[in-house]
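Geometric and topological summary
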Amino acid sequence: MSAYEHAEHIHAPPTTFFYKYVWSTDHKVIAKQYLFTAFFFLALGGLLAMVIRWQLAYPFEPLPLIGSLLKNTFVFDSAGSVRPEGFNQLVTMHGTIMIFFVIIPILVGAFGNFLIPLHVGARDVAFPILNALSYWLFLPAGVILFASFFVHEGPAAAGWTAYPPLSDLGPAATPGSGTGQVLWLVAIFLLGFSSILGGLNFLTTIIKMRAPGLTWSRLPLVTWAQFVTAIFQTLATPVLASATVMLLSDKLLGTSLFLPAGIHLTGDEPVAATGGGHPLLWQHIFWFYSHPAVYILILPGMGIASDLIATFARKPIFGYTAMVTSLVGIMGLGFIVWGHHMFMSGMSPAVGMAFMTSTMLIALPSGVKVFNWLGTLWNSSIRFTVPMLHALSFVALFIIGGLSGIYMAATPVDIFIHDTYYIVAHFHYVVFGGTLFAVFGGLTFWFPKMFGREMNRKWGFVHWLLTFVGFNAAFFPMHFLGEAGHMRRISTPTEYDFLGHLQPMNEWISWSAFLLGAAQLIFLVNFFGSMGKGRKSEANPWKSNTLEWSTASPVPFHNFDRIPTVYRGPYEYSSSAADGRGDWAPQDAPPDGRGHPAAH
Amino acid sequence: MKKPGCRALAAAAAAGVFLTGCTDMGWLPPNLNGAYGDTVDELYYKIMVVVAVTFFLTEGLLIYSIVRFRAASGRRAIYSHGSKKTELLWSIVPGFILLWLALVQKDAWFHIKSEFPKESEAVAVQVMPEQFAWNFRYPGADGAFGTEDDLLELNNLHVPVGKNVVTRMSSKDVIHSFFIPLLRVKQDVLPGMMTRAWFRADKIAVWNLKTHKIEYLTLADFDARKVAFPASTDRAGFVGPRYGVRNAATGVFIPNDQPGGKRKNGARDIDYEPPRDKEGGTAVGKKIPIAHRGKIEDRPWEEAEYVHHPLDLACAELCGLQHYRMRGMVWVEPEYLFRNWLEERERSRAQYLEEYGESPFLAAPKWQKVWDGIHAEYNGAFR
Ligand SMILES: [Cu+2]
Ligand SMILES: [Cu+2]
């Protein structure tokens, strides 16, 4: 029909194992590669969290089972207890893994890859080979980071923020600041490249490859969120990449970009090869990337929640335009708020004032999104499926994570709560309470589309319930710890008079965290079990509108037999456009009601 | 929105603020900073009111919608793309509230972080953290840093009650953060540059020997009590604080290093030991210096009602291996005890000079280089 369709040609699917599963250029396979790799790191990062929580509940007590097996290895001492430097390595690697090797790969690598071509009605991303390359840069990055557990003195120990001079001065400053830190930097550098290539790919795909009739205002919000995220990735990640190169240069080439003169470690003489640099330089560069990264961590989650809420509330999104505007608003402001991480750093208070104002303002678009989700639920007809329970939890918990951010934005209040458990509570409410719940919602929602089978609903419900309870029991009390002044990243608070009375709460948090960790096993079993044994799924089990539901489950190699033509927005539920067979109206169903592909 | 819904939400918000008030107020530690501590806490609570109202409104609305609009057979969602008016309302109102929140922080922020008291009218201290200790340097009689009469002290920061204290801070190695929770002070300390902080402690921490609890006394209350204070260089005194487990019922205290003196979760109690004689036995009835009514008097240990207790100073920036125990002690004390302490330090310095022919400060010229060789602004006369 259209010129666009004539230009489209369908490749034959690959037949050998290597081209099918290893060097695949199929966006759906690459999405699964990201997903399974991220699952591995999720398990690893989660285990690290469990060890962290053990140490905080029972400081320097031998860790049952694991501790006795791993005596004198990794972070453990000869009794099987966590070593003090081991604790620093645990928090460093937990943060690094969860942010860079779990959340971003799942949101962008897995969901972005799987959904963007389907949502724009294309047969693949714009640059399939580049796409494969992105994954094959990401995987070695993960391997290198993982390898750092096995090197002399262990992995990096300077926090996921890797502040110099601690990260810069080598083993003399802290164990793990040698080889471990170098590997950390190399891994982040490779990951950065993977991220930039991925971002460019997604931008091009969304801009150039939308199906006929798919105007910008008919794009699903999850794809809009991926679009804005890709802009963040393309513009902010190069800055992180250069920061890692600069720090590597300090460590390996003897420059002193982040090191002022006159630094003394153990000896009487100053450390050689310092001078001329400034430690705050790193913080500015790092946060110029890493604040946008916080939005890379949440925007796709917001998109997923939007799609799920509209689908299961059987109602269009309240204020679609405002939802898009707020995404763009977050992007604009997201580039000028990084200094809120540096209020106590010694940066000029006047600059702090400016960053406080921009940070307060960035709460507004997030607030608008919350209000619009609530507006969507109003007068709706809610189906409590497992994906919807996760999406509703996302809203409930994101509200808490968003509101606690206001305390940190307020500079005088931040004086007290900066670098305490208040921030730990805040970002776990955003990244776990928000993003991970959206991820669970998205995985249970699109699972039929990915694997052609359904996940077990009963166990899905049990997993949701235990995760919701365990999460809140573990993380809500951290607000109180923070309010009491409990510093983050200390291996035990019991050295301090003002924190001693909080130790029973630390125990409570740890046991809640163990429950939360154990509940994730249910998810993994359900996920992998259903892949092989789940009930075969129909094409559109959720009666959803977007284009991926118009094609078969699992999605065939070429995605669509014919490139679809789009007639309406993604959320036309319960409208007059629904043709009487139900309350949904697929985006590609012609308006005269002749075809209703999803009902076949 | 329907009226009953409205009323329910208002009730939820009110109940929410009340509940938040009940559960939340207790967690902030005591606030002894008379210069701006209350301002920080007030701003905290101001935000909490806004947050609590928003929290209970939105979560209330969410729960209400989930219950009210759950799918029931035959009921269809009402098709709507939203309402521009509502959206405008809930964008503009929160927008102004957020801007207002930013603006109310402004004065306090600049007051705390850039309006430093004059050093000549305050107590000025240099702070130089290192892995993993706090070095403090007092300027001595000449009112200038980096001169021969400077006084060095490790991990113990003495400050007079009710007087402004100004710090000049720079790190010897990596980034540390100067955090005194009970004074609401936090400031990162970096190598290669100077940062400053200031505060005024208006109350004195003491250990109640009867109730085994920390109390915070005004100067007048302190003067009315008999307070023992820890041993310093040339005076006999008691040992402490020491840590262990106190049996809540019997009051028996077992120190850390004895069997039963440790809990599995690490929580520990504090105790002060009576003074000991040279052989290590308890010197019951031995006289020790006790502060009372503005004077130091030698009295028997049994007469003491309180023991002078330090505030925690913590490092809030991950700084390496022993970061978690980079603890300093801040002794807030009446002016006369502060002077007394300074004189004692001066005396011990003179003694050292006599014995070794050089001041302890000059005895380590390399150490001096660390303090003085970094940047000019760090040393020099009062500003
Ligand atoms: Cu940020
Ligand atoms: Cu430190």
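Residues numbered from 1 in each chain as written. Chains lettered and ligands numbered in written order. Predicted model: local features only at pLDDT ≥ 70, side-chain atom pairs only at ≥ 80, totals over all residues. Heavy atoms only, no water.

1. Concerning the overall build of chain A
- In terms of regular secondary structure, chain A is built from 16 helices and zero strands.
- What you see for chain A is a C-alpha radius of gyration of 24 Å, in line with the 25 Å of a compact globule of 600 residues.
- With the C-alpha coordinates of chain A rotated into their principal frame, the extents come out at 85 × 50 × 50 Å.
- Counting over 600 residues, chain A shows a buried share of 69%.
- A separation of at least 24 residues holds for 77% of the contacts in chain A among residues at least 6 apart in sequence.
- Of the accessible surface of chain A, which amounts to about 18,400 Å², a share of 70% is contributed by carbon and sulfur atoms.
- Computed over 29 positive and 28 negative side-chain charges, the separation of the two mean positions in chain A equals 15 Å. (Helix = DSSP H or I, 4+ residues; strand = E, 2+ residues; numbered from the N terminus. Rg over C-alpha atoms; globule rule 2.2 N^0.38 Å. Buried < 20%, exposed > 50% of the residue type's maximum accessible area, 1.4 Å probe, protein only. Contact = heavy atoms within 4.5 Å. Areas by Shrake-Rupley, 256 points an atom, 1.4 Å probe, with all protein chains shown as cover. Lys, Arg positive; Asp, Glu negative; His and termini not counted. Charge placed at Lys NZ, Arg CZ, Asp CG, Glu CD.)

2. A few points about the coordination of the copper ion (ligand 1)
All names here are of chain A.
- Looking at the copper ion (ligand 1), the protein donor atoms are His291 (ND1), His340 (NE2) and His341 (NE2), and they sit 1.7 to 2.0 Å from it.
- Counting gaps between the donor residues of the copper ion (ligand 1) yields the pattern H-x48-H-H. A residue pair is termed long-range when its members are at least 10 positions apart, and His291 in helix H9 (residues 279-313) and His341 in the loop between helix H10 (320-334) and helix H11 (349-377) qualify at 50 residues. Considered together, His291 and His341 belong to a single accessibility category, that of buried residues. (Donors = N, O, S within 2.8 Å, 3.2 Å for Na, K, Ca; no water.)

3. Considerations on the interface of chain A and chain B
- Between chain A and chain B, the residue contacts involve 116 residues of the former and 98 residues of the latter.
- Summed over both partners, the interface of chain A with chain B buries about 9,200 Å², with 68% contributed by carbon and sulfur atoms.
- Our count for the chain A to chain B interface comes out at one salt bridge.
- Here B:Arg327 makes a salt bridge to A:Asp497, at a shortest N to O gap of 3.2 Å.
- Inspection of the region where chain A meets chain B yields 27 residue pairs in polar contact (both at pLDDT 80 or more).
- Sorting the residues of the side of chain A that touches chain B by element identifies helix H3 (27-57), helix H5 (84-120), H9, H11, helix H12 (386-409), helix H13 (411-417), helix H15 (457-483) and helix H16 (503-533) of chain A as the ones contributing at least two each.
- Looking at the side of chain A that touches chain B element by element, the count peaks at 17 residues for H11(A).
- Each residue belonging to the side of chain A that touches chain B can be placed in one class, and the counts come to 70 nonpolar, 29 polar and 17 charged. (Buried area = accessible area lost by both parts, 1.4 Å probe. Salt bridge = Lys/Arg side-chain N within 4 Å of Asp/Glu carboxyl O. Polar contact = N/O pair within 3.5 Å; in protein donor to acceptor, adjacent residues only side chain to side chain. Nonpolar A, V, L, I, M, F, W, Y, C, P; charged D, E, K, R; others polar.)

4. Focus on the pattern of salt bridges
- In total, this model carries 24 salt bridges over all chains according to the counting rule given.
- With a closest N to O distance of 2.8 Å, B:Glu303 and B:Arg299 form a salt bridge.
- We classify B:Glu303 as partly exposed; its relative accessible area is 34%.
- Residue B:Arg299 is classed as buried on the basis of its relative accessible area, which comes to 18%.
- When salt bridges with common partners are traced through the structure, they connect A:Arg314, A:Arg383 and A:Asp583 into a single cluster.

5. Structural notes on the sheet that holds strand E2 (residues 133-138) of chain B
Residue and element names in this part refer to chain B.
- The strand order across the open sheet formed by five strands is E4-E2-E1-E6-E9, and the pairing between neighbours is mixed. One side of each edge strand has no neighbouring strand; the edge strands of this open sheet are strand E4 (151-154) and strand E9 (195-200). Pairs of neighbouring strands in the sheet enclose a mean axial angle of 25°, with direction left out of account.
- As defined by bridge partners, strand E6 (residues 164-169) adjoins E9 across six bridges and the pair is classed as antiparallel. Considered in E9, the bridge of Arg168 is made with Arg196. (Pairing = 2+ DSSP bridges. Axes fitted to C-alpha atoms, helices over the stretch in contact; angles between N-to-C directions.)

6. Comments concerning the sheet that holds strand E5 (residues 156-160) of chain B
All names here are of chain B.
- On the basis of which strands lie adjacent, the open sheet formed by five strands has the order E5-E20-E19-E7-E8 and mixed pairing. The two strands at the open ends of the sheet, each matched to only one other strand, are E5 and strand E8 (185-189). The sheet shows a mean angle of 20° between the axes of neighbouring strands, direction not considered.

7. Observations concerning the coordination of the copper ion (ligand 2)
Residues and elements named next belong to chain B.
- Coordination of the copper ion (ligand 2) by the protein comes from His176 (ND1), Cys315 (SG), Cys319 (SG) and Met326 (SD), over a distance range of 2.1 to 2.6 Å.
- Around the copper ion (ligand 2), the four donor atoms sit at angles spanning 90 to 123°, and that spread fits a shape best called tetrahedral.
- All donors of the copper ion (ligand 2) come from a single chain, and their spacing in sequence reads H-x138-C-x3-C-x6-M. Linking His176 in strand E7 (residues 176-180) with Met326 in the loop between strand E19 (311-315) and strand E20 (328-333), this pair joins segments that are 150 residues apart in sequence.
- Using a relative accessible area of 0% as the deciding quantity, one classes Met326 as buried. (Tetrahedral: all angles 85-135°; square planar, octahedral: opposite > 155°, others 65-115°.)

8. Side note on the domain arrangement of chain B
Residue and element names in this part refer to chain B.
- We note that the domain assignment places domain 1 (4-67 + 83-113) and domain 2 (122-203 + 311-380) within chain B.
- The interface is formed by 14 residues belonging to domain 1 together with 14 residues belonging to domain 2.
- Carbon and sulfur atoms supply 52% of the area buried between domain 1 and domain 2, which totals about 1,200 Å² over both sides.
- When the buried surface of domain 1 facing domain 2 is broken down by residue, Leu32, Tyr36 and Lys113 rank first, second and third, together holding 44% of it.
- At the surface where domain 1 touches domain 2, the tally comes to one salt bridge.
- Residues Arg184 and Asp41 are paired through a salt bridge, measuring 2.8 Å at the closest nitrogen-oxygen approach.
- The tally of links from domain 1 across to domain 2 stands at 13 residue pairs in polar contact (both at pLDDT 80 or more).
- Counting residues per element, the ones that place at least two in the side of domain 1 that touches domain 2 are helix H2 (37-68) and helix H3 (84-113).
- With three residues, the top contributor of residues to the side of domain 1 that touches domain 2 is H3.
- Grouping the amino acids of the side of domain 1 that touches domain 2 by side-chain chemistry returns seven nonpolar, five polar and two charged. (Domains from an automatic or database assignment.)

9. Let's talk about a nonpolar patch on the surface
All names here are of chain A.
- Taken together, the side chains of Phe461, Leu465, Val469 and Leu515 present a nonpolar region at the surface, about 320 Å² in accessible area.
- Per element, the largest residue contribution to the nonpolar patch is three residues, and it comes from H15.
- Tracing the sequence through the fold places Val469 in helix H15.
- Here Val469 falls in the partly exposed class, since its relative accessible area comes to 45%. (Patch = residues over 30% accessible without salt bridge, like charges linked within 9 Å, V, L, I, M, F, W, Y side chains within 5 Å.)

10. A word on the packing of aromatic side chains
- A full pass over the atoms with the stated rule returns 82 aromatic pairs over all chains.
- Seen in terms of ring centroids, A:Trp378 and B:Phe69 are 5.1 Å apart; in terms of plane orientation they differ by 65°. Their pairing is edge-to-face. Taken together, the residues span two chains, with A:Trp378 in the loop between H11 and H12 and B:Phe69 in the loop between H2 and H3.
- The class for B:Phe69 is buried, based on a relative accessible area of 2%.
- A cation over a ring is seen here: B:Lys186 above B:Phe179, with NZ or CZ 4.0 Å from the ring centre.
- The ring of B:Phe116 carries B:Arg196 above its face, with NZ or CZ at 4.6 Å from the centroid. (Phe/Tyr/Trp six-rings, centres within 6.5 Å; stacked < 30°, edge-to-face > 60°. Lys NZ or Arg CZ within 6 Å of the ring centre and 35° of its normal.)

11. Re the pairing of E8(B)
Residue and element names in this part refer to chain B.
- Of all five residues in E8, five are buried; the element is thus mostly enclosed.
- Of the two faces of E8, both are covered, the one formed by Val185, Gln187 and Val189 as well as the one formed by Lys186 and Asp188.
- Here E7 hands over to E8 after four residues, with Arg184 in that stretch at a positive phi of 55°.

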